[in-house]
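Fold and contact review
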Amino acid sequence: MYESSYDTELIWLMGYPFTGTGVTTKIVEYGTNKSMATNYGDHLEDYDSEEYVAQFESHSIDPVLYPDGPFWHNMDLERDSKTLLVKTNCGGTCMHEEGVNCTADEYIGELLGFPKWVETCRVGRSFKPDKKYETDATSSYRRLEGEITAIEAPEDEQVGSSRRLQLKTLQKRTKAKDGKRVRTAPYAANKISKIVLTMRNPFVVIASRFRHYGKHDELYLERFFNSKGLTMWCAETDAKHGALKAFGSLQSKTRITGGVPCWTELYRLVLWYKNACRIIERYDSHVVHFEDYTKAPKETVSELMNFIGLEFLEGKNIRFEQHSPLYKWFTEDQLIAMARFMDLLMKGNECTNGLFRRYFADGWVTDISHNNNWGG
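All chains use their own residue numbering, which begins from 1 and follows the written sequence. Residue-level local features of this predicted model are given only where pLDDT is at least 70; pairs of side-chain atoms are given and counted only at 80 or more, and the full residue set underlies all totals for whole chains, interfaces and linings. Where side-chain values are given, they derive from all heavy atoms of the structure, hydrogens and water being excluded.

**Some details on helix α14 (residues 332-346)**
What sets the pattern is the α-helix's 3.6 residues per turn: residues three or four places apart point alike. A run of DSSP states H or I qualifies as a helix once it reaches four residues; a run of E qualifies as a strand once it reaches two. Both are numbered from the N-terminal end. Under the convention used throughout, the expected extent of a helix is 1.5 Å for every residue step, that is, one less than its residue count. With 15 residues, α14 extends 21 Å from end C-alpha to end C-alpha; this agrees with the ideal 21 Å at 1.5 Å per step. Here's how the labels work: a residue is buried when its accessible area is under 20% of the maximum for its type, exposed when over 50%, partly exposed in between, all with a 1.4 Å probe on protein chains only. All buried positions along α14 are accounted for by Gln334, Leu335, Ala337, Met338, Ala339, Phe341, Met342, Leu345 and Met346. Downstream of α14 by a residue or two, Gly348 has a phi angle that is positive, lying close to 85°.

**Concerning the packing of helix α11 (residues 263-280) against α14**
Axis geometry follows a simple rule: fit a line to the C-alpha atoms, using only the stretch in contact for helices, then measure angles between N-to-C directions, giving values from 0 to 180 degrees. Between α11 and α14, whose axes approach to 10 Å, the crossing angle comes to 35°. As α11 packs across α14, the resulting crossing turns out to be right-handed. Where α11 abuts α14, its residues Trp263, Leu266, Tyr267, Leu269, Val270 and Lys274 lie against Met338, Phe341, Met342, Leu345 and Met346. Class assignment of the residues belonging to the contact of α11 with α14 gives a composition of 10 nonpolar, no polar and 1 charged. Helix crossings are classified by the rotation of the near helix relative to the far one: an anticlockwise turn of less than a right angle makes the crossing left-handed, while a clockwise turn makes it right-handed. It only takes one pair of heavy atoms within 4.5 Å for two residues to be counted as in contact. Put simply, Ala, Val, Leu, Ile, Met, Phe, Trp, Tyr, Cys and Pro go in the nonpolar bin, Asp, Glu, Lys and Arg in the charged bin, and everything else, Gly too, in the polar bin.

**Brief notes about the environment of Thr300**
Note that Thr300 resides in helix α13 (residues 297-308). Spatially, the C-alpha atom of Thr300 lies 7.5 Å from that of Val288, the residues being 12 residues apart in sequence. For Thr300, the residues in contact, after removing those within four places along its chain, are Val288, Asp292 and Tyr293. Throughout this description, a polar contact denotes any pair of N or O atoms lying within 3.5 Å of each other; where both atoms belong to protein, one of them has to be capable of donating a hydrogen while the other can accept it, and for residues adjacent in sequence the pair is counted only when both atoms sit in side chains. A polar contact of 2.7 Å, which involves the side chain of Thr300, links it to the backbone oxygen of Ala296.

**Quick notes on the side chain of Glu29**
Position of Glu29 among the secondary structure elements: in helix α1 (residues 21-32). In summary, the charge assignment counts Lys and Arg as positive and Asp and Glu as negative, without counting His or the chain termini. Take a side-chain nitrogen of Lys or Arg and a carboxyl oxygen of Asp or Glu: if they are within 4 Å of each other, that pair is a salt bridge. Summary of buried charges: Glu29 has no salt-bridge partner, and the nearest side chain of opposite charge, Lys26, is 7.4 Å away. Here the side chain of Glu29 touches Asn74 through a polar contact of 3.3 Å, side chain to side chain. If sequence neighbours within four positions are ignored, Glu29 has contacts with Lys34, Ser35, Met36, His73, Asn74 and Leu77.

**Description of empty space enclosed by the protein**
In this analysis the probe radius is 1.4 Å and the grid spacing 1 Å, with only protein atoms considered; a cavity is a set of points the probe fits into but cannot get out of, a pocket is an open set with protein on both sides within 12 Å along at least five of seven lines, and lining residues have an atom within 4 Å of a point. Grid points are joined across faces, edges and corners, and a volume is the space filled by probe spheres set on the points. According to the stated counting rule, one finds 1 cavity of 30 Å³ or more in the structure shown. Computed from the structure, the largest cavity encloses a volume of approximately 50 Å³. Along its surface, the largest cavity is lined by Lys26, Glu29, Tyr30, Asp46, Tyr47, Ser49, Asn74, Leu77 and Arg319. Along the lines of polarity and charge, the residues of the lining of the largest cavity split into 3 nonpolar, 2 polar and 4 charged.

Given below as structure tokens:
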């Protein structure tokens, strides 16, 4: 199978979790029929955007130049793009619900110093199965994979559907039952040429993270998958992490954090984008706001593709669907307290304020309470 070469252009696709790095990867992959790349080789997808976490072996885009990643993201698509988006969430974003034991450093410490944080943008995870794939199944898998990646447009659905079904069956047969997820060493950054930065309403980010957590927690899923549950989860999160040394300057200032749900998560989010501001100043960069995929999809995707230098195949449409309901996750009082807290944290940082400015425009409280899609 084709691997990247020395002249492959790498573009970091950076964003805090749930701000749109995954969605952007799906859109570009589906439109080009090319696999993009990711720092997280333990989290892969197939042609239909079905996700596989710690189930299939990670494959570096170039085992010689990049033995520690980045890794190919899509298992079914062609791996011959000369331009690769590389998904990275950098440091200080670790989440326990991802099945990873977060150290205090991975949770918050990596955010506290820019040199350390920017190094983590070159770090990810790999997955190595303990057991070998079945030889006969692997052989058939590779044959079918080659046939499927030759399909270039959605109009070929009838031709390729049976092959994809066979492929998915083989994938299920060859999943690893056991394996090891390993934090990778930093890879060389000299081939990073540009940066795409994803943004999203910070309150929606928190609600989305709660939704993700709730789907994996029986109590929340069955009884508290609602605004009450979100407030409970925020209180648990703040109690669990607020005592960490990194939050020391805020631990005793209840006049600042009091009444602010998920203040520890907001703190991480603001610190993350303060660091991001320092790096996008050094690269040719492009900002994508998550909600623009629904408000102005054609313009948003066109600007993105022009920036990264890739084109949609003829007949390909934008693959972006959001099925989550409109819901009032936070009260207006909570939103105002959260906004004031963020404003305090961003004070004096022109770049960070600029990135979040649209989310605090006139009338934002009413809009975010009643009209915004809180899905994730």
